[in-house]
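Observations on the three-dimensional arrangement
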Amino acid sequence: MGIQFDAAARTFTLSTRSTTYQMGLDHLDRLLHLYYGPAIGQGDLAAMYPPADRGFSPNHNADRERRGISPDVLPQEYTGCNTGDFRLSCLVVREENGAAGAEWRYASHSIQKGKYALTGLPAAHDEENDEAESLCIRMEDSVTGLALELLYGVFERQDIITRAARLVNGGSQTLRLEKAASMCLDLPFGRWDMIHFHGRHAMERRMERTPLMNAIQTVSSTRGASSHHHNPFVILCDRKANEEHGLCYGVMPVYSGSHRTDVEVDQNGLTRIVSGIHDERFSWQLAPGEAFTAPEVILACTENGLTALSQQYHRFIRHNVCRGEFRFARRPVLINNWEATYFDFDSDAIVRIAEKAAALGVEMLVLDDGWFGKRNDDNSGLGDWFVNEQKLPGGLSPLIERVNALGMKFGIWVEPEMVSEDSDLYRAHPDWALTLPGRAPVMSRNQMVLDMGRPDVVDYLTERLTDLLANNPIAYVKWDMNRNMTDVYSRVLPADRQGEAAHRYMLGVYKLLETLTTRFPHVLFEGCAGGGGRFDAGMLAYFTQIWCSDDTDAIERLVIQHGTSFGYPVSSMGAHVSACPNHQTGRTTPLWTRAVAAMAGTFGYELDLNKLSDEEAAQVKEQIAFFDKHYQLIQNGLYYRLTDPTEEERYAAWQFVDEEQGETLVNLVLTHPEANARPLHVWLRGLAPDALYRVESLDIHGCHAAPQAGLDLAMEGVGKVYSGSTLMRAGYTLPQLAGDYPSVQMYVKRV
Ligand code: GLA
């Protein structure tokens with residue numbers, strides 16, 4: 001188990017509970033990738049790649065007589081540059097004379113207990129279990145003097161391998177990196193489907209699955225943020241893989257800026273994945289002795305289908321990516337005033353919302369955008385993180401006191417990385433914004449992006465936010481970021497280093513977040529970027545939860561949360577009940593169904609509860625009590641997708657099962673009612689087959705239309721006992737629902 005180097009065979013073998021990862025040194029001391037997949041035993045894997053002379057696949061000079069050996073054909077662990085492998089490359093490095101070339105040779109390696117850390121970048125940790133081992137393989141290029149440190153973190157029980165790469169200039173000239181990927185993964189055999197998560201603002205992370213073409217397919221962002229459009233997470237699975245069966249690989253960069261994951265099927269059918277920082281407009285100057293670290297990537301593999309893969313990521317993100325006390329702590333049910341008031345509020349209006357919320361059991365009030373500077377709409381004020389006393393007379397303290405007096409915590413919204421043109425900050429420091437010389441900056445939401453690569457900007461924000469958090473009893477921060485990056489030009493970088501600006505921005509953001517989350521360990525930070533525009537493993541190292549989407553429509557959320565669930569746990573997905581007709585779609589759904597959808601996330605409210613009828617207010621109380629009762633099961637249980645919205649259009653269903661298989665909550669929302677409706681039959685998952693379970697409760701929500709035949713029949717199941725195998729194999733027919741978007745929750749407990 002763990003990490004082994006076999007000196008005779010010259011192989012490195014990384015073993016987790018159920019996977020094996022193997023690399024080997026060849027006759028020229030190059031590092032070949034030999035295998036990653038379900039656990040295997042011994043055997044010479046290098047024999048899988050017999051020499052074969054492929055036309056136009058060149059040979060190393062030393063192999064000129066052995067034409068069957070080509071870097072263009074062999075699986076590589078991390079490619080060189082311009083030296084015979086025409087497939088996707090990891091690296092472009094340029095010398096002072098303009099030459100671009102690098103060829104790696106093994107130099108040394110070290111194996112250590114514990115998980116490596118990365119300077120300045122978020123990375124998985126092993127604080128809890130003490131199970132990780134780390135491997136560093138050092139490769140060198142003799143001409144440039146560039147060294148490559150390949151880092152591997154092996155999490156045996158979590159079944160996860162992390163990778164990262166460090167490039168160190170050990171030569172005497174200044175080198176320029178024009179591409180520096182985090183990793184390359186060659187899967188030599190197999191035919192794969194690729195699954196990725198695409199979208200747009202307010203409709204993020206829609207799952208798409210397609211067979212790989214014999215070409216290069218790319219999932220990327222050049223927006224300076226991981227983006228609403230292409231989430232930095234890719235799955236390759238065998239063509240027959242489904243939720244329960246089949247070989248699946250996950251590649252998840254721990255990075256929140258412009259990223260790029262390319263997948264190439266080459267001339268031999270080998271599939272190469274290269275993942276890392278996007279190389280468009282990227283460059284990094286490395287003076288002698290300097291190092292560049294490419295972000296981490298989290299790899300997972302299972303032969304048990306997509307659910308197992310997702311659960312591996314869920315567990316790993318919760319235990320090994322997220323940090324601090326809120327990973328497992330009970331998080332407050334919150335009310336956010338954004339969709340209740342937008343910019344139009346004062347202290348009294350906020351307190352009225354808080355009073356009603358407190359009476360119904362909500363635990364925290366979050367004051368959203370508009371509390372600072374001159375901020376009555378989204379055209380001004382960003383950057384001026386001083387209280388707007390016209391709206392909040394006397395500042396934040398009197399308001400927080402009033403909220404706290406209701407027994408509620410207080411949270412606040414900030415958008416530190418941005419500046420409005422109409423702000424005191426911009427008037428004082430126009431050079432702090434990213435703008436191109438001689439051009440009027442591109443505007444988005446009428447705001448600009450601060451140059452977070454500047455230490456003085458990070459220092460300013462550190463001071464302002466420290467002041468805010470140190471002087472007010474603030475329990476929660478919603479950290480927003482509401483535009484993408486254009487005009488990328490930093491006033492503090494010389495001309496030949498402008499290619500560093502976008503990544504330096506991310507390093508500045510990470511530094512600021514590191515400082516603040518360390519300084520204020522008791523503050524719960526929720527990430528946000530116009531909803532899910534920066535929903536990635538990098539951000540989850542600082543934010544235990546991220547606002548999943550600006551689309552709060554319960555029915556659309558089912559699709560967004562379904563897609564998100566492939567890589568990210570329920571405990572990371574910010575989800576709220578909002579008003580109807582929904583502000584984004586105009587759709588009306590039952591209040592309870594909105595709660596059922598929001599309960600597949602961190603759960604909260606975002607509407608003026610004073611506008612609810614007494615009956616609806618009573619429902620809110622019931623919802624919070626229900627969520628409270630099942631909190632552990634929902635937030636810390638295993639998550640099962642029971643339907644795929646691309647296949648099942650009538651309803652969406654999902655299930656939570658606790659790790660001990662002692663209880664489960666099945667959730668179903670009817671999205672398309674039908675006449676003469678077919679039964680709503682679900683096959684439960686994740687139960688102990690031989691254990692007995694009782695259907696404890698069956699709550700039907702929002703079923704306004706006359707129940708059809710079958711309703712009574714299904715209700716008869718309540719109180720009945722079934723074996724786990726019966727519920728999983730024969731399944732269970734839920735009550736027949738009708739009308740607009742009713743839902744049902746079935747709670748089943750082991751007897
Ligand atoms: C973004 C967020 C919203 C809200 C607004 C405020 O769009 O995603 O939740 O905070 O900004 O301007």
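Please refer to the structure placed before this passage.
Here's a quick rundown of the structure. (Residues numbered from 1 in each chain as written. Predicted model: local features only at pLDDT ≥ 70, side-chain atom pairs only at ≥ 80, totals over all residues. Heavy atoms only, no water.)

Attention shifts here to the overall build of the protein. A tally of regular secondary structure across the protein gives 14 helices and 38 strands. Relative to the compact-globule value of 27 Å for 751 residues, the protein shows a C-alpha radius of gyration of 27 Å, a close match. Seen through its principal axes, the protein has C-alpha atoms that stretch 85 × 70 × 45 Å. In the protein, which comprises 751 residues, the share counted as buried stands at 63%. Within the protein, residue pairs in contact and separated by at least 24 positions form 70% of the contacts whose partners lie at least 6 positions apart. Taking the 70 positively charged and 98 negatively charged side chains of the protein as two groups, their mean positions are separated by 2 Å. (Helix = DSSP H or I, 4+ residues; strand = E, 2+ residues; numbered from the N terminus. Rg over C-alpha atoms; globule rule 2.2 N^0.38 Å. Buried < 20%, exposed > 50% of the residue type's maximum accessible area, 1.4 Å probe, protein only. Contact = heavy atoms within 4.5 Å. Lys, Arg positive; Asp, Glu negative; His and termini not counted. Charge placed at Lys NZ, Arg CZ, Asp CG, Glu CD.)

Looking now at a nonpolar patch on the surface. Together, Leu 692, Val 721 and Val 751 line one region of the surface with nonpolar side chains, adding up to about 250 Å² of accessible area. Mapped onto the fold, Leu 692 is located in strand E35 (residues 692-701). (Patch = residues over 30% accessible without salt bridge, like charges linked within 9 Å, V, L, I, M, F, W, Y side chains within 5 Å. Areas by Shrake-Rupley, 256 points an atom, 1.4 Å probe, with all protein chains shown as cover. Salt bridge = Lys/Arg side-chain N within 4 Å of Asp/Glu carboxyl O.)

The final tally for this structure, using the stated rule, is 0 disulfides. For Cys 90, which is in no disulfide, the shortest distance to another cysteine sulfur is to Cys 184 and amounts to 4.5 Å. The class for Cys 90 is buried, based on a relative accessible area of 0%. The thiol sulfur of Cys 580 is not disulfide-bonded, and the nearest other cysteine sulfur, from Cys 703, lies at 17 Å. A relative accessible area of 26% places Cys 580 in the partly exposed class. (Disulfide = S-S within 2.5 Å.)

This part is about the pattern of salt bridges. The full count for this structure, using the stated rule, is 47 salt bridges. In this structure, Glu 149 and Arg 166 form a salt bridge, with 2.8 Å as the shortest nitrogen-oxygen distance. With Glu 149 in strand E8 (residues 146-155) and Arg 166 in strand E9 (residues 160-169), this pair connects stretches of sequence that are 17 residues apart. Classification of Glu 149 by relative accessible area gives buried; the value is 13%. On the accessibility criterion, Arg 166 (27% relative accessible area) is partly exposed. Ionic pairing is found between Arg 330 and Glu 363, a salt bridge with its closest N-O pair at 3.2 Å. You can see Arg 330 sitting in the loop between helix H1 (305-321) and strand E20 (334-336) and its partner Glu 363 sitting in the loop between helix H3 (347-360) and strand E21 (364-367), a full 33 residues away along the chain. Assessed through its relative accessible area of 27%, Glu 363 is described here as partly exposed. Connected via shared salt-bridge partners are Asp 85, Arg 87, Asp 186, Asp 266 and Arg 272.

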